[in-house]
Amino acid sequence: MAQATRKKPIASEVDTALEARLAAQPHFRTLRLGTPFQPRIDALGLKQDWYSWAGYRAPHSLWDEELEYFAIRSQAALFDISPMTKYRIEGPGAEAYLDRVTLRDVTRLQPGRVHYTAWCDDDGFVLDDGTLFRLSPTRFRLCSQERHLPWLLDSAIGYEVSIEEETEAVAGLALQGPTSFAILRDAGFAGVERLKVFDLAEFAHDGATVTISRTGFTGDLGYELFVPADKALSLWDRLMMAGELRGIRAIGYTALNRARLEAGLIVANADFTTSEHAIRADRLRMPDEIGLGFLVDPEKGHFNGRRAIFEARTKKKLRHVLVGLEIEGNIPAEHAIVYYRKSQEVGLVSAAMWSPMAKRNIAIASLQRPYGDTIVDDLWVEIYAMRELQYQKLMKKAKVVQRPFIKLDRRTASPPADF
Amino acid sequence: MTSSEVNWDAIVIGGGHNGLVAAATLAKSGRKVLLLEAGSDLGGAARTEEFAPGFRVSAVAHLLNRLHPDVVKTLELERHGLKVERADFMPSVALSKDGSLVLHGAYGEVLTGASPTEQSAWKELRAQLLRYAGVLKPFLSRRPPDLAGMSIAEMTGLGQTALALKRLGKEDMRDFLRVLLMNVYDLLDEQLSDDRLKGLLAFDATLGSHLGPRSPTSLLGLYYRLAGEIGGLAGAQMLPKGGMGAVVTAIRAAAEQAGVSIRPASPVAKVVVEKGRAIGVVTQGGETLRAKTVVSATNPATTILDLVGPREVDTGFVRKVKNIRMKGDAAKLHLALDRPPQFSGVDAAGHKGRLVIAPSPDHVERAFNPSKYGEFSPEPVMEITLPSLADVSLAPSGACVLSAVVQYAPYALRAGWAAGRPQFLKAIMAQLETYAPGIGATVRHAELLTPADIEARYRMPGGHWHHGELQADQMLMSRPVSGWSGYDTPLEGLFLAGAGSHPGGGISGAPGLNAARRIIAMRA
């Protein structure tokens, strides 16, 4: 009897463990995870054109690349940013901690504000760029392309701060385009008109809170919304309903990628290789080499990479430069090689398009200094244009120009315009 | 907080022997140097301390076998009271129930107690070990090669090593490279057959590290020992008269004569950093002292994580510093005995030597095994000295001091050292009783310093006398951490000069001297 009573719980423990293991076995059948918005996106994804964004199933395009792009510029576009890596950074030492980890002066970031920033390793090479949301004096959200938990945790040694990854727990949406403000207002987010560019505020939604910031990746009027994952679908529906008459459309990454290029914004591991991903030593980039030198604050206290960055500046060890190019003609120069005097290779185009807004053929390129830095004349790109199974090689003149390629007043207008 | 108006050229944190050597060398170059020691006495782990009324002993380090000749010369230590005489060199005695075996002179110039075959095999092996250790020797007195940017002088230095290798001849050079990272157990098996001799060598190779004879790279420890010398003889060893504190007294005299201001009982709270530059220190008393150069001869992790603070350096560097392995695996035993003990089968000269209980390499390996799992050796191995036999000032008349380094005693003992210490002492005494019957009854007082005690008493994190495991991955350009092995740190004006830096621990003064030379070379 005693034996039987002792045996039973052990057996059931084994069963539970076994059951859990069996239940976890088919994990490989889910090749890419869905985001909290997946039921809605799947229903709209007529093209079934998916890619993997940090392990999530994300659409290149849902129904029509061109029209999705024009939804950003003429209507309002809804883009699922849930796969973006998100960290919750909280504690009395959070400000000092982030000031040490990132390039910009975090003490000047007010609660209720957002800034774009980047962070580096000891050698001053960029680990990633991202946006930092200051939700309260002691609470932040850091959003980025890559994952950084070990680095962020090791950086926390000596600070009173807790760091938690909240990528799964928090769903995110970008609502971008001229009618985005009117949609939010019509959806009942009272007070959203008070948000200036890079402001954020919290609003009630479905018994929870949604954080809305006037930020985005399009260079247009637009907002980003963060909400607990279980309130994701009701938020989607609320926006879609309110936006029906204002042309709201769900979009995929291809459209967004065009808009961000027009805005002159760079993408980690597309326009530069992040330092933890780079295998080849000459692929590493300092902030000054990818156009992020302006983020580096020489006045603030110590931050990761400080010594290396200033040494590179003083000793003139910066080897690359990232520039905006305007290229003659209208053929996109995607991944074209950049030449000096049509013969000497000096760099590579990382993103290019014919810009419908700027009516120019634009590109972002990485060049080897001094080209693009002090020598900006006589630059050319070689475009391979496929014409019915034959490459037509085009040597086109390229001019170094300022980024962003387009500047829209409606992005910054306060109060935002009602379209 | 008061601020002293005096501005120093250099402030040295830590008055252990390396701190004193660095301070004295810097002062001799004309710099105004202040040395701050936390304890009331100088010398760190090289002090002579009274552990029972009338009984004095060298606190942690008890043998002098690697005080670097450049340190002796630069600081003119012989003029300041250091005495090294050939007659002081002591033999090593491998204790065994089968009768003991003795290495005479400088690490066994003559071997007695072994068969003629073994004697000639030893002669050959000894010559080979010294030849190979000689190749590594020049590295002791200079910065490790800087792989990123090497100066011409450093290139020349490396060239000399290459030349020394070449001089070995083709066969010897190949063999040097073959055995360099071997374990000592297998090498001994190749060349020797006497377990007593092999046990002694296996013990010496692993002394002070978390390695057993069969652990890969354990041979390096033997090279490290034999790269040291005293009185110009590699492998020689002696007990300094007056204990290790007498060596520190000589270095201190040299430092004071060179003009170093020495302040004991002045623990440093913090290194002051402004814009990535160390500009001085704040003492625990609250006094701010400014200096052009701050030299820390304390533990590297203590320096960076506690004194500087992780906020002033980069995350990657903090990571590396936190990952330095420094959990000591050796304990120190001090016994106050009513009368000198009698080790069976050992003559009078042997009793004045170094007595080693490590009867076979297997015995050493078995002693090591439990330490991997947080337990002490049930049959520990140890090296024993009876310093009061040659220096009567250390014990009351007729009585005797026993000083022993005992392995293995893992820093993080699973049972905790409060409970473990009496048990470990019992295990040690059982071993001693075997080789010196009756010794237990003569113990007037016993002091057993576990790594936890050594940590607390001598400010050595982990109770590790090298301030960081001395293994292949923490040597040369990886000591204390890769990328920062040249005594400088990511903070301008802050230098490391303790045993945690290249080449490592032991009473050598080499890290202190090399660091000072680095600072002098930078300003020149």
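What counts and what doesn't
- Residues numbered from 1 in each chain as written.
- Chains lettered and ligands numbered in written order.
- Predicted model: local features only at pLDDT ≥ 70, side-chain atom pairs only at ≥ 80, totals over all residues.
- Heavy atoms only, no water.
- Salt bridge = Lys/Arg side-chain N within 4 Å of Asp/Glu carboxyl O.
- Helix = DSSP H or I, 4+ residues; strand = E, 2+ residues; numbered from the N terminus.
- Buried < 20%, exposed > 50% of the residue type's maximum accessible area, 1.4 Å probe, protein only.
- Contact = heavy atoms within 4.5 Å.
- Polar contact = N/O pair within 3.5 Å; in protein donor to acceptor, adjacent residues only side chain to side chain.
- Pairing = 2+ DSSP bridges.
- Axes fitted to C-alpha atoms, helices over the stretch in contact; angles between N-to-C directions.
- Nonpolar A, V, L, I, M, F, W, Y, C, P; charged D, E, K, R; others polar.
- Core = buried A, V, L, I, M, F, W, Y, C linked by side-chain atoms within 4.5 Å.
- Domains from an automatic or database assignment.
- Buried area = accessible area lost by both parts, 1.4 Å probe.

S.K.: Before we go on, may I ask you to explain the pattern of salt bridges in this structure?
M.R.: Side chains bearing opposite charge may pair, as long as their charged atoms lie close to each other. Residue and element names in this part refer to chain A. Evaluated as defined, the whole model comprises 59 salt bridges over all chains. Across the pair Asp418 and Arg185 runs a salt bridge whose closest N-O atoms are separated by 3.1 Å. Highlighted residues: Asp418 in the segment after α10 (409–412) and Arg185 in helix α6 (residues 180–186), separated in sequence by 233 residues. Note on Asp418: relative accessible area 46%, which makes it partly exposed. Among the residues examined, Arg185 registers a relative accessible area of 31% and is labelled partly exposed. Through salt bridges with shared partners, a single network forms among Arg73, Asp220, Glu262 and Arg410.

S.K.: Can you walk me through the environment of Thr102(A) in this structure?
M.R.: Residue and element names in this part refer to chain A. As for its placement among the helices and strands, Thr102 is situated in the loop between α4 (94–101) and β5 (113–120). Taking C-alpha positions, Thr102 is 18 Å from Phe198, a pair spaced 96 residues apart along the chain. Excluding anything up to four places from it in sequence, Thr102 contacts Thr117, Ala118, Trp119, Lys300 and Phe303. At 2.7 Å, the side chain of Thr102 forms a polar contact with the backbone oxygen of Leu98.

S.K.: I keep staring at the side chain of Arg196(B) and nothing clicks. Help me out?
M.R.: Structurally, the position occupied by Arg196(B) is in helix α7 (residues 195–206). Here the side chain of Arg196(B) touches Gly99(B) through a polar contact of 2.8 Å, landing on its backbone oxygen.

S.K.: Explanation requested: the sheet that holds strand β5 (residues 92–95) of chain B in the structure shown.
M.R.: Residue and element names in this part refer to chain B. Taken in spatial order, the 8 strands line up as β7-β6-β5-β15-β16-β17-β14-β18 in an open sheet, and their pairing is mixed. At either end of the open sheet lies a strand with only one pairing partner, and these are β7 (110–112) and β18 (443–449). Here the average twist between neighbouring strands, direction ignored, is 20°. Taken together, the 8 bridges between strand β14 (residues 330–337) and strand β17 (residues 400–407) define a ladder with antiparallel strand orientation. Paired with Leu337 across the bridge in β17 is Cys400.

S.K.: Explain the interface of chain A and chain B to me, please; I cannot follow it from the model alone.
M.R.: Often the size quoted for an interface is simply the accessible area lost on bringing the parts together. Taken residue by residue, the interface counts 19 residues in chain A and 14 residues in chain B. For the pair chain A and chain B, the number of links is 1 salt bridge. With a shortest N-O distance of 2.5 Å, Arg319(B) and Asp154(A) are connected by a salt bridge. Along the contact surface separating chain A from chain B lie 11 residue pairs in polar contact (both at pLDDT 80 or more). Counting only elements with at least two residues in the side of chain A that touches chain B, the list comes to α4, α5 (149–155) and α9 (306–314) of chain A. Element by element, the count of residues in the side of chain A that touches chain B is highest for α5(A), at 4 residues. Residue composition of the side of chain A that touches chain B, by class: 7 nonpolar, 5 polar and 7 charged.

S.K.: What is the right way to read the pairing of strand β11 (residues 268–274) of chain B from this model?
M.R.: Note on strand geometry: in a regular strand, side chains alternate between the two faces of the sheet. Here 6 bridges tie β11(B) to strand β12 (residues 277–283) of chain B, and the two strands are oriented antiparallel to one another. Note that in β12(B) the partner of Val273(B) across the bridge is Ala278(B).

S.K.: What exactly am I supposed to notice about the nonpolar core here?
M.R.: The nonpolar side chains of a soluble globular protein tend to be buried with one another. Residue and element names in this part refer to chain B. Judged by nonpolar contacts, the single largest core of 48 residues is most densely connected at Trp122, Leu129, Leu201 and Leu222. Mapped by element, the contributors of at least two residues to this core are β6 (101–104), α3 (116–140), α5 (170–179), α6 (184–191), α7, α8 (219–227) and α13 (361–368). Per-element tally for this core: the top contributor is α3, with 8 residues. Once you skip the residues sitting within four places of it in the chain, Leu222 turns out to touch Tyr107, Leu129, Val184, Leu201, Asp204 and Ala205.

S.K.: Is there a simple way to explain the domain arrangement of chain B in this structure?
M.R.: All names here are of chain B. As assigned here, chain B comprises domain 1 (2–47 + 66–82 + 242–324 + 465–523) and domain 2 (120–233). On a C-alpha basis, the centroid separation for the pair domain 1 and domain 2 is 27 Å. Counting from both sides, the interface comprises 26 residues of domain 1 and, opposite them, 21 residues of domain 2. Here domain 1 is connected to domain 2 by 1 salt bridge. A salt bridge links Arg143 to Asp488, with the nearest nitrogen and oxygen atoms 3.6 Å apart. Applying the counting rule to domain 1 against domain 2 returns 9 residue pairs in polar contact (both at pLDDT 80 or more). The set of elements that each furnish at least two residues to the side of domain 1 that touches domain 2 consists of α2 (69–74) and α16 (510–523). The greatest single-element share of the side of domain 1 that touches domain 2, amounting to 4 residues, is contributed by α16.

S.K.: Would you mind showing me how to read the domain arrangement of chain A here?
M.R.: Residues and elements named next belong to chain A. On domain assignment, one finds that chain A holds domain 1 (85–165) and domain 2 (281–401). Each partner contributes to the interface: domain 1 provides 21 residues, whereas domain 2 provides 18 residues. Across the domain 1/domain 2 interface, buried area totals approximately 1,500 Å², and carbon plus sulfur atoms make up 60% of it. Considering only the side of domain 1, the residues that lose the most area to domain 2 are Arg100, Leu103 and Phe125, jointly responsible for 38% of the buried surface there.

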